[in-house]
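Reading the structure
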Amino acid sequence: MNTITAAITAVGAYVPDFVLSNKVLETMVDTNDEWITTRTGIKERRILQDSDKGTSFLAIKAAQDLIAKANIDPLEIDMVIMATATADMPVASTGVYVATQIGATNAFSYDLQAACSSFLYGMSTAAAYIQSGRYKKVLLIGADKMSSIVDYTDRSTCIIFGDGAGAVLFEPNYEGLGLQDEYLRSDGVGRDFLKIDAGGSLNPATLDTIKEKRHNIVQDGKTVFKYAVTNMADASELILKRNNLTNEDVDWLVPHQANKRIIDATASRMNLEDSKVLMNIEKYGNTTSATLPLVLNDFEHKFKKGDTIILAAFGGGFTWGSIYLKWAYDKK
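Residues numbered from 1 in each chain as written. Predicted model: local features only at pLDDT ≥ 70, side-chain atom pairs only at ≥ 80, totals over all residues. Heavy atoms only, no water.

Let us now look at the overall build of the chain. Each helix and strand counted, the chain has 11 helices and 13 strands in total. The C-alpha extent of the chain, read off along each of the three principal axes, is 60 × 45 × 35 Å. Taken over 332 residues, the chain has a buried fraction of 55%. Contacts spanning at least 24 positions in sequence make up 77% of the contacts within the chain whose residues lie at least 6 apart. Of the roughly 14300 Å² of accessible surface on the chain, a fraction of 49% belongs to carbon and sulfur atoms. Between the mean site of the 34 positive side-chain charges and the mean site of the 41 negative ones, the chain shows a separation of 1 Å. (Helix = DSSP H or I, 4+ residues; strand = E, 2+ residues; numbered from the N terminus. Buried < 20%, exposed > 50% of the residue type's maximum accessible area, 1.4 Å probe, protein only. Contact = heavy atoms within 4.5 Å. Areas by Shrake-Rupley, 256 points an atom, 1.4 Å probe, with all protein chains shown as cover. Lys, Arg positive; Asp, Glu negative; His and termini not counted. Charge placed at Lys NZ, Arg CZ, Asp CG, Glu CD.)

In this section: the sheet that holds strand β12 (residues 308-315). Across the sheet, 4 strands lie side by side as β8-β13-β12-β11; this open sheet has mixed pairing. The sheet is open, and its two edges are formed by β8 (178-186) and β11 (252-255), each paired on a single side. The mean inter-strand angle of the sheet, taken between neighbouring strand axes irrespective of direction, is 15°. Bridge count for β11 against β12 is 4 bridges, and the pairing is parallel. Among the inter-strand pairings, leucine 253 is bridged to a residue of β12, identified as isoleucine 310. Contacts from helix α11 (residues 291-298) reach β11 and β12 within the one sheet, and its direction differs from that of β11 by about 145°. (Pairing = 2+ DSSP bridges. Axes fitted to C-alpha atoms, helices over the stretch in contact; angles between N-to-C directions.)

Take the UniProt feature "domain: Beta-ketoacyl-[acyl-carrier-protein] synthase III N-terminal" (unreviewed entry) in the chain next. Residues annotated by UniProt as "domain: Beta-ketoacyl-[acyl-carrier-protein] synthase III N-terminal" (unreviewed entry) correspond here to residues 110-188. Within residues 110-188, the helical portion is 23% and the strand portion 39%, while the C-alpha atoms at the span's ends are 23 Å from each other. (UniProt positions renumbered as here; feature names shortened; annotations may be inferred.)

For helix α5 (residues 118-131), which comprises 14 residues, the first-to-last C-alpha distance of 20 Å matches the rise-based estimate of 20 Å (1.5 Å per residue) to within 8%. For α5, the tally of buried residues reaches 10 of 14 residues, placing the bulk of the element in the interior. Where α5 is concerned, the buried positions are Ser118, Phe119, Leu120, Tyr121, Gly122, Met123, Ser124, Ala126, Ala127 and Ile130. Positioned one or two residues after α5, glycine 133 has a phi angle of 85°, which is positive. (Expected span 1.5 Å × (residues − 1).)

It is the contact of helix α8 (residues 221-242) with helix α9 (residues 260-269), at a shortest axis distance of 9 Å, that shows an interaxial angle of 30°. The hand of the α8/α9 crossing is right-handed. Contact residues: α8 offers Phe225, Ala228, Val229, Thr230, Met232, Ala233, Asp234, Ser236 and Glu237, while α9 offers Arg261, Ile262, Ala265, Thr266 and Arg269. Here the contact of α8 with α9 is built from residues that sort into 7 nonpolar, 3 polar and 4 charged. (Left-handed = near helix turned anticlockwise from the far one by under 90°. Nonpolar A, V, L, I, M, F, W, Y, C, P; charged D, E, K, R; others polar.)

Moving on: the UniProt feature "active site" (unreviewed entry) in the chain. Cross-referencing UniProt, the feature "active site" (unreviewed entry) maps to Cys116, His256 and Asn286 in the present numbering. Their sequence span is 171 residues, while the largest C-alpha to C-alpha distance among them is just 8.7 Å; these annotated residues converge on one region. By the element assignment, cysteine 116 lies in the loop between β5 (108-112) and α5. Those residues within four positions of cysteine 116 in sequence are excluded, and the remaining contacts are His256, Asn286, Thr288, Ala313, Phe314, Gly315 and Gly316. With respect to the helices and strands, histidine 256 occurs in the loop between β11 and α9.

Further remarks concern unusual backbone geometry. With omega at -5°, the peptide bond leading from glycine 317 into phenylalanine 318 counts as cis. One can find phenylalanine 318 in the loop between β12 and β13 (319-326). Phi is positive for threonine 288, close to 60°, though the residue is something other than glycine. Within the secondary structure layout, threonine 288 lies in the loop between α10 (281-284) and α11.

Right, here's the structure in full:
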């Protein structure tokens, strides 16, 4: 029996129409375009303005885009993994609702939450299901409505985050393509440095937690930046060494789009030329679980069958890691 690997065979994406530019943010908080661009590389981000639509709306749109482009029957999807940090509600899985809404009624589904590393962890999970031989089509969606948890009077966070969704389909491959190796880690020391303090079992919602804005995301920017630069770069360097890869062997780096300086540091550690480093942070900001699939979708036209791709991410918790992937198809 041939060895089964798990390969990405299709991608899809969705971002809302409304563009929140740095110029608009200048009218909302004490900041300016030059300051934001210099420190983050972000020029604009997309915002889902509809108050009656949540992360599921973004996810459904991205999944439908993939299904249409790949011309697949949703009934053939075996499972749906929903990577998100902003589920529609605390109870009642967002992924289950999304699967039903896209017509994947033969699939089982659940949510996976690892902050900005959610999609990377989801890739590992989806690949394991495929490699088990039990499942043939696993849909992995990364989506977040970050605007729902951002305090737009807090300039340390509101300049960073945006809304969006991306999706990939994993299927069995018998040519040795797809996911080759992974290095995934976490450290609970990060719990105090990047978080939403209230709304969970530790600090349930009260009038006071709402008044004190404890349901919004907060971070110790300097600490998070330090950990992110070190760990994302370390993981990417390690995955190369472990697989006897040099910078010449790497065709593309697909990094989490949190901050251009973090991306640059990771690329520098890997000794990669700029042309191999894929970025769309200037257009979308940090869409958390959606950054990696949005990059894959935006640059799908550049990928060739057999290309070596390194993906890397860092998120709250802390969570981080890197994945070595062989691209499985040429875009038609």
